[in-house]
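Residue strings, one per chain:
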Amino acid sequence: MLYSVKMRSAQGGAHELGGRHISGAERILPGDQLDYAVLTMLHRAREHERGCADFISLKVEEIYKPLLAFSTCKAATAAEGHRAAIDELVRAGVSINAAARGLAMLNGLTDSMRGAMVLDAESGLRIDGMGERGVRASKMDCVDSRGYDDYLQQSGLVGDHVREALVLASKVAGAEGMVAELCWSDDPNYVTGYVASPVYGYRRIPVMKERGNGVGGRIFFVRPNTDVAKLINYLEEQVVLIKPQEALTC
Ligand code: AMP
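The present account deals with the structure reproduced in this document.

Cut-offs used in this document
- Residues numbered from 1 in each chain as written.
- Predicted model: local features only at pLDDT ≥ 70, side-chain atom pairs only at ≥ 80, totals over all residues.
- Heavy atoms only, no water.
- Helix = DSSP H or I, 4+ residues; strand = E, 2+ residues; numbered from the N terminus.
- Buried < 20%, exposed > 50% of the residue type's maximum accessible area, 1.4 Å probe, protein only.
- Contact = heavy atoms within 4.5 Å.
- Areas by Shrake-Rupley, 256 points an atom, 1.4 Å probe, with all protein chains shown as cover.
- Lys, Arg positive; Asp, Glu negative; His and termini not counted.
- Charge placed at Lys NZ, Arg CZ, Asp CG, Glu CD.
- Pairing = 2+ DSSP bridges.
- Axes fitted to C-alpha atoms, helices over the stretch in contact; angles between N-to-C directions.
- Disulfide = S-S within 2.5 Å.
- Salt bridge = Lys/Arg side-chain N within 4 Å of Asp/Glu carboxyl O.

Across its full length, the protein chain holds six helices and 12 strands. If one aligns the C-alpha atoms of the protein chain with their principal axes, the spans along those axes are about 65 × 40 × 30 Å. In the protein chain, which comprises 250 residues, the share counted as buried stands at 47%. Taking the contacts inside the protein chain whose residues are at least 6 apart along the sequence as the reference set, 67% of them involve residues at least 24 apart. Per element, the accessible surface of the protein chain, about 12700 Å² overall, is 49% carbon and sulfur. Mean positive and mean negative side-chain charge positions of the protein chain (29 and 32 charges, respectively) differ by 1 Å.

Moving on, we get to the sheet that holds strand β9 (residues 193–197). Reading across from one edge, β5-β10-β9-β8-β11-β6 is the order of the six strands in this open sheet, with mixed pairing throughout. Unpaired on one side and paired on the other, β5 (70–72) and β6 (117–120) mark the two borders of the sheet. This sheet shows a mean twist of 20 degrees between the axes of neighbouring strands, independent of strand direction. Note: β6 against strand β11 (residues 217–222), four bridges, orientation parallel. Within β11, the position partnered with D120 by the bridge is V222. Each of β8 (178–184), β9, β10 (201–205) and β11 is contacted by helix α2 (residues 78–92), which is oriented at about 165 degrees to β8, the strand it contacts most.

This model, assessed by the stated rule, comprises zero disulfides. No disulfide involves C183; its sulfur sits 14 Å from that of C73, the nearest cysteine.

Glancing now at the pattern of salt bridges. A full pass over the atoms with the stated rule returns nine salt bridges. A salt bridge links D128 to R126; its shortest N-O distance comes to 2.8 Å. By relative accessible area, which is 30% here, R126 ends up partly exposed. Salt bridges sharing partners connect three or more residues here, namely E88, R91 and R203.

Interpretation note: all reported values are geometric properties and have no functional meaning in isolation.
Rendered as structure tokens:
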């Protein structure tokens, strides 16, 4: 097992309450090195040249998340694909109103964004405040790339799109508050999309747009009252390794 260990310390209370920053540190470590690392960080915060911290936050998280199970919906046209996407989103816990709104938002894009929009899964309102950039999921990979490639090949899944999307969707589904993700590619020749959710896994939808259309997008639907700053930090900054749940050696 590998763990991410993060420490931040301040004097005069927590940072968010006006405390003065004393020191911070981040490590990725195997379990047997955790105790020593945590003690060293505590020591560092309390014996720092900038002063003795009276607020110390220590976060220890396992960095593995499970690979989502993969399955395919039926859809021969973009219209059928959109209907299937709404059904899948609703099944995963998104309100019908929010699902329809999200689909209309992606459909209405005139150019692709770099990242994803985050919507409240109940109201359908956009809550990330990241404008045209959106939120980018990054710092994720498979534990064992060769094992993952073998797994994809055995499952009849070819191409970089699905290889990257399944890892991305697995990290996204592991976020606190995540209900579902909707995506279709901005590659004009790749018309396939998906809805992914922690409960039903990665549901590939064969057709989500017309061939030749170079606009794609992503939406992350989250539970009402999800802490958006924490979510964005997890998606953009936290290192996550994706690991299959069963016999696979990824
Ligand atoms: P792609 O599947 O790479 O063609 O991307 C489709 C759309 O998903 C892009 O137009 C972006 O809006 C969004 N997107 C691409 N990469 C990311 C990412 N790493 N995190 C969040 N959204 C992304």
